[in-house]
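Below, each chain spelled out in residue letters.
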Amino acid sequence: MRKRIVSCAMAFLMVFTLMPCSAFAGEASAEGQAESLEAERPAEDDAFGEGGLDEAFFAEDADSLIGTLEADEESAAFAVSAVTGIYLDQTHGNDANDGLTKDTAVRTLEKANELANANGTRDIFLASVYQVTGTENWDLGGKTIHRYKLGGYMIELKDASASLTLKDVVIDGAEYSVAAENAAETDSIIKAASGGTIELKSGAILENNKAAQFGSGILAINGVEITMEDGAVIRNNTNRNYELGGGILLGNGSTFTMNGGKISGNTANGGGGVAIIGSTMVMNGGKISNNSTYKTTGQGSYGAGVYVADYANASGGDILFKPKPASFEMNGGKITGNKALDYGGGILTFPQQSKKITINIKNGEISENQVTEGSGGAIAAFFGVTELNINGGTLTKNSAKNYGGGVFLYQATNATISKGMISENKAYKGGGVCLYYNSAAKQTGGSIENNVAVEGGGVYGGTYTMTGGVIKDNNNSLTEEARLSTRGDGVYVGTAFNLGGAAEISTNNDVYLKEGASVAKEGRYINVISSYTGASTAKPIQIHSEDVTVEGAEIGTQLVRYTAVAGGEAAAAQADANGIFVPSWKMQKGLVIGQSKAAGKTDWMTYVPSIRIQYQWVSTDNPSDVTPPADDYIRTGTAYTAKAQEATHQGYSFKGWFTDDACTLSYTDGTVLSTDTILYGKWEKIATPPSSGGGGGSHVTKYYILHYETIFYKGIMPSEKVLDLPVDCNTLTGSVNL
């Protein structure tokens, strides 16, 4: 009998503990449930000690077993709360209800929060859209609001007077107990279509939503104002089809100020993190990271971090947006680790109705963004109505498969780089900046450095005007062998390359000039547009040209032109004298760049006839670690100064350069050379002073050179004294009269 009772008891316990808590929710009252989900379980002694379940196991009949179970219900080890959450239904709920089931849902969030605290649960189930009509501040101490069979928006701001502040509350777009990746497709978490104000403070989290439309996290159009502070998070939201704004979509004159927080892991066709349509965003801090874009039939994939446009078409032919100017300003924070398929890993502009789009990068970091199939690792800017100003900040370690590891411009003609740094970005063309299809940009300051590309390590194509700033050290991370196959480590000239002011292109970053289509020597060139001071004899600009025509009766390859404003013929002559333009180290030896002497072309620099100066030692009795200087190539008929050589080395003295191998004819610096010349260098050993010997040790004889002046006193000659030399300092005492 006891065995049967024990078996029955065990079976009952197993069935009871395996049943979902919600199975009892319809019948249990709040008082009959446990105080808290986190309340301590009864101690083992309480459950199985005297008068506990152990006696029930050995009760004589089933009635006593049941009686014991009922008596110990509150202290039994299996007594867990049946309250999984509080139900909130603003449409059908009533605050007089207990909120424990859908049918007994409460109406207000305040009541739901109160009951959640009372019942020890941190979950609230939203069964209908919650409409905000006035000013509401939600601070739920970290509780989570879930969807409950709710396919539309979760929260809606009714009109412009509505204001919602979220703090320490998680709003989860997925159904309770449903994994985020399996969440049903719905609408936005928050919709504000008629204005209003949304403030996201620390602990406010919008997550795991799947929307069939714009703005999976927040859809804000028609003058909505959004502010995001440190500690707020919008993450893991997505949409499908031709939809924009995985995290947030702003439209029709709305504004978004991001002072802190994170927008991360969201996905959309455009604007994985944020989509700005005819609206304004100011980023002062925080992070937009690890967002992505997807492709749809007939539609590209744009702007993984931030997408900016003046207009957007709505799905199904709806008209949601009016064409308006749009802008994005970055004063701080980071846009990092985002990934687009086609264009704009970090930021993209895509005007559609010819309204102005303005991007101002003043500070902050745009880094490690990728475009896996297209262009514009950090920024992609389209069309002439886009204005891009990089006035600070850092664009670094971004990459694009095709063009513009840092910045990609497509038919964009109003881009300026005045401060900041574009560094360590990678692409096939334009590691730092790519100007594509009639684009134009100006550089007045800032630095483009250490980027990598096969063509245009620093800058590629378009019309590039550089009057300040630096282009340096691009492609330096490649081996010398790899660099031999690159074209334009510094600049690959497209339509035009205008140079002036103090703009600096480091000597290790050559400028690549493509040959002309009809006349090879009349191809791309450097156009000097103002007085130029950015290069010198010590720091010349290297030129790598496809065409190599040396001037004869006619001009050779047209390499550099000095406009009248830049000084014309006189400036070209000075550039020739100073040697500020030289052939790239990748080109054949023997080329020299100088001023053209052809009629009507004296404002040009070209390849000119040259001679070779070789350096040789005259013997093998030389310092062991000194080699002759490298050969020089100079323009024929140019005054030449021999290369400097250390005067003494390893006990040798350098006697100078000579024009004959017997070293009888010294070379004179400034000699005009018209033929190939060999300069011979002569070294002589420095003589060792003699020493006097003697038994029992060494004796060093020291020598003095005595200097005196003859002084005349009123015409009387001084007496003569003779001092025999050498004089041993050890025996020289007293004074010597001369």
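Here's what I pulled together on the structure shown here. (Residues numbered from 1 in each chain as written. Predicted model: local features only at pLDDT ≥ 70, side-chain atom pairs only at ≥ 80, totals over all residues. Heavy atoms only, no water.)

Points about the pairing of strand β12 (residues 224–228)
A one-sided burial pattern is seen for β12, the buried positions being V224, I226 and M228 and the unburied ones E225 and T227. By the bridge criterion, 5 bridges tie strand β8 (residues 196–200) to β12 in an arrangement that is parallel. Residue E199 lies in a different strand from β12, and its bridge partner there is T227. Relative to strand β16 (residues 255–258), β12 runs parallel, the two sharing 4 bridges. Bridge pairing in β16 places M228 opposite M258. (Buried < 20%, exposed > 50% of the residue type's maximum accessible area, 1.4 Å probe, protein only. Helix = DSSP H or I, 4+ residues; strand = E, 2+ residues; numbered from the N terminus. Pairing = 2+ DSSP bridges.)

Comments concerning the environment of T104
Here T104 lies in the loop between β1 (86–88) and α5 (109–118). The spacing of T104 and Y87 is 17 residues in sequence and 7.5 Å in space, taken between C-alpha atoms. Among residues more than four places away in sequence, those in contact with T104 are N97, D98 and G99. A distance of 2.8 Å separates polar atoms of two side chains, one belonging to T104 and the other to D98. (Contact = heavy atoms within 4.5 Å. Polar contact = N/O pair within 3.5 Å; in protein donor to acceptor, adjacent residues only side chain to side chain.)

A short note on unusual backbone geometry
Of note in the backbone geometry, S354 takes a positive phi value of approximately 60° without being a glycine. Topologically, S354 is positioned in the loop between β27 (347–349) and β28 (357–361). With a phi angle near 70°, F383 is a residue other than glycine that sits in the positive phi range. Residue class for F383 comes out partly exposed when judged on its relative accessible area of 24%.

A look at the side chain of E387
Assignment of secondary structure puts E387 in strand β32 (residues 386–396). Owing to a relative accessible area of 16%, E387 belongs among the buried residues under this scheme. For E387, the side chain forms a polar contact with the side chain of N389, separated by 2.8 Å. In contact with E387, not counting residues within four places along its chain, are K356, I357, T358, I359 and N414.

Let's talk about the packing of aromatic side chains
Within the structure shown, the criterion is met by 32 aromatic pairs. For the pair Y130 and W138, a centre-to-centre distance of 5.1 Å together with 90° between the ring planes defines the contact as edge-to-face. Both residues of the pair, Y130 and W138, belong to the buried class. Here Y302 and Y343 contribute two aromatic rings whose centre-to-centre distance is 5.9 Å and whose plane-to-plane angle is 25°, an arrangement assigned as stacked. One end of the pair, Y302, is in the loop between β22 (292–293) and β23 (306–309); the other, Y343, is in the loop between β26 (339–340) and β27, and 41 residues separate them in sequence. Take Y302: its relative accessible area is 13%, and that puts it in the buried class. Since its relative accessible area comes to 26%, Y343 is described here as partly exposed. (Phe/Tyr/Trp six-rings, centres within 6.5 Å; stacked < 30°, edge-to-face > 60°.)

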